[in-house]
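Listed below are the residues making up each chain.
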Amino acid sequence: MDISKLIKSWPVYRQLTGTDALGRGKAAQSARSAELTPRTADADSVAHSVCPFCAVGCAQQVYVKDGKVIQIEGNPDSPISRGRLCPKGSASKQLVTGPQRETKVRYRAPYATEWQDLDLDTAMDMVAERVLKARREGWQDFDKDRNTLRRTMSIASLGGATLDNEENYLIKKLFTALGALQIENQARI
């Protein structure tokens with residue numbers, strides 16, 4: 001290799017002899033870095049979301065390729081976070097793609113002595129069926145004086161303090177729509 005070519009490829013040489021005296025632009029770029037493309041360049045779509053970790057509400061851009069999440073970044077259009085994410089928010093891709101993510105549910109049927117593994121879809125269907133059955137069986141349209149009630153006394157919710165404001169809001173909306181009256185949170189008790 002020609003020594004003059006080697007010297008000219010050296011960033012300090014380009015910084016001292018070129019127009020980028022501070023070494024923040026062209027002087028700092030190598031041939032390899034000029035050829036790099038962002039991981040998000042070949043994404044099929046971008047979904048806008050909110051970080052799930054706390055109640056701040058930092059906006060995220062979720063990059064998807066072939067139906068799978070390939071990258072999650074802060075959304076620069078957000079007036080809250082202006083494209084920045086904390087370390088937990090930056091690592092939120094692991095929530096959906098990490099090998100430690102649970103994809104099955106442990107279930108022990110009534111009176112059974114052994115646990116069995118169920119896939120998540122089956123478990124969600126079981127929960128939905130039981131909620132609807134409890135709502136149907138405990139539904140009250142009217143009281144004894146024919147006053148309209150439209151409620152169920154067979155469903156209640158007790159939220160935890162680890163849930164953020166958005167989750168608590170959605171839980172309140174869900175249980176109110178189901179007709180439940182007993183909706184409480186650990187933080188208020």
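Residues numbered from 1 in each chain as written. Predicted model: local features only at pLDDT ≥ 70, side-chain atom pairs only at ≥ 80, totals over all residues. Heavy atoms only, no water.

Rules: UniProt positions are given in the numbering used here, feature names are shortened, and annotations may be inferred rather than shown by experiment.
Under an unreviewed UniProt entry, the chain has the name Dehydrogenase and belongs to Mycobacterium intermedium. Under the UniProt heading Subcellular location (unreviewed entry), the entry covering the chain gives this text: "Cell envelope". As stated in UniProt under Cofactor (unreviewed entry), the record for the chain gives "[4Fe-4S] cluster".

1. Digging into the sheet that holds strand 6 (residues 139-142)
Heads up, the rule is: Note: two strands are recorded as paired if DSSP finds a minimum of 2 bridges between them. Counting from the N terminus, the helices are DSSP H or I runs at least four residues long and the strands are E runs at least two residues long. To obtain an axis, a line is fitted to C-alpha atoms, over the contacting stretch when the element is a helix, and the angle between two such axes runs from 0 to 180 degrees between their N-to-C directions. Any pair of residues with heavy atoms lying within 4.5 Å of one another is described as a contacting pair.
With mixed pairing, 3 strands are arranged side by side in an open sheet as 6-7-8. Either end of the sheet is taken by a strand with one partner, and the two such strands are strand 6 and strand 8 (180-185). Pairs of neighbouring strands in the sheet enclose a mean axial angle of 30°, with direction left out of account. Taken together, the 5 bridges between strand 7 (residues 148-159) and strand 8 define a ladder with parallel strand orientation. Across the sheet, residue alanine 156 finds its bridge partner in strand 8, namely glutamine 182. Sheet strands in contact with helix 6 (residues 120-137) are strand 6 and strand 7, and its direction is about 140° off that of strand 7. This element, helix 7 (residues 165-178), spans strand 6, strand 7 and strand 8 of the sheet and lies at about 165° to strand 8.

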